[in-house]
Amino acid sequence: IIRFYERSEEFQDVIRPDDINIIDFLQIYDEFYKIGHHIHRIHEKLRRGIAVIALQKNKDAPLGLGGWRSVEKARLYLGLEQGKCTIQKAKLSRLQGVNPNGLSLRFTIDDGAVFIPDKAGWRRG
């Protein structure tokens, strides 16, 4: 069962610790360095579940608002921009001998929601 809720703050109060939690998006308007605190509060509520947290980012910036503070707790941190997804951080990669950090995948979007990956696959740059 999927349930959607309207919420703009105190996301940690509604985290289901053993489920998939999607926060689209975690808004912050000033003191961007505090984003790490908000993410930490969400992380503390998790047990076996995960939280997928969307952040706004400035055009051409590799990281969301809050910079590296937004990365600290992430197990996987993806940067999205028009036509490109980049792995900014991946912990505990299962790919032997391959560091996935910095790999990018170009894509197009069909019908407004279908991601079509470039045939070249994941690559550096």
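Our structure's up above, just so we're on the same page.
The notes below deal with the structure included here. (Residues numbered from 1 in each chain as written. Predicted model: local features only at pLDDT ≥ 70, side-chain atom pairs only at ≥ 80, totals over all residues. Heavy atoms only, no water.)

## Quick word on the environment of I42
In this structure, I42 sits in helix α1 (residues 35–45). Judged by relative accessible area, which is 2%, I42 ranks as buried. Considered as a pair, I42 and Q12 are 30 residues apart in the sequence and their alpha carbons are 4.5 Å apart. Apart from residues no more than four positions distant in its own chain, I42 is found in contact with F11, Q12, I15, I23, A51 and I53. (Helix = DSSP H or I, 4+ residues; strand = E, 2+ residues; numbered from the N terminus. Buried < 20%, exposed > 50% of the residue type's maximum accessible area, 1.4 Å probe, protein only. Contact = heavy atoms within 4.5 Å.)

## Structural notes on α1
When α1 is considered as a whole, its buried residues turn out to be I35, G36, I39 and I42. Around the axis of α1, the buried residues are gathered within 125° of arc, so they sit on the same side. Looking at the buried side of α1, the elements it contacts are β1 (20–24) and β2 (50–54). (Arc of directions from axis to C-beta.)

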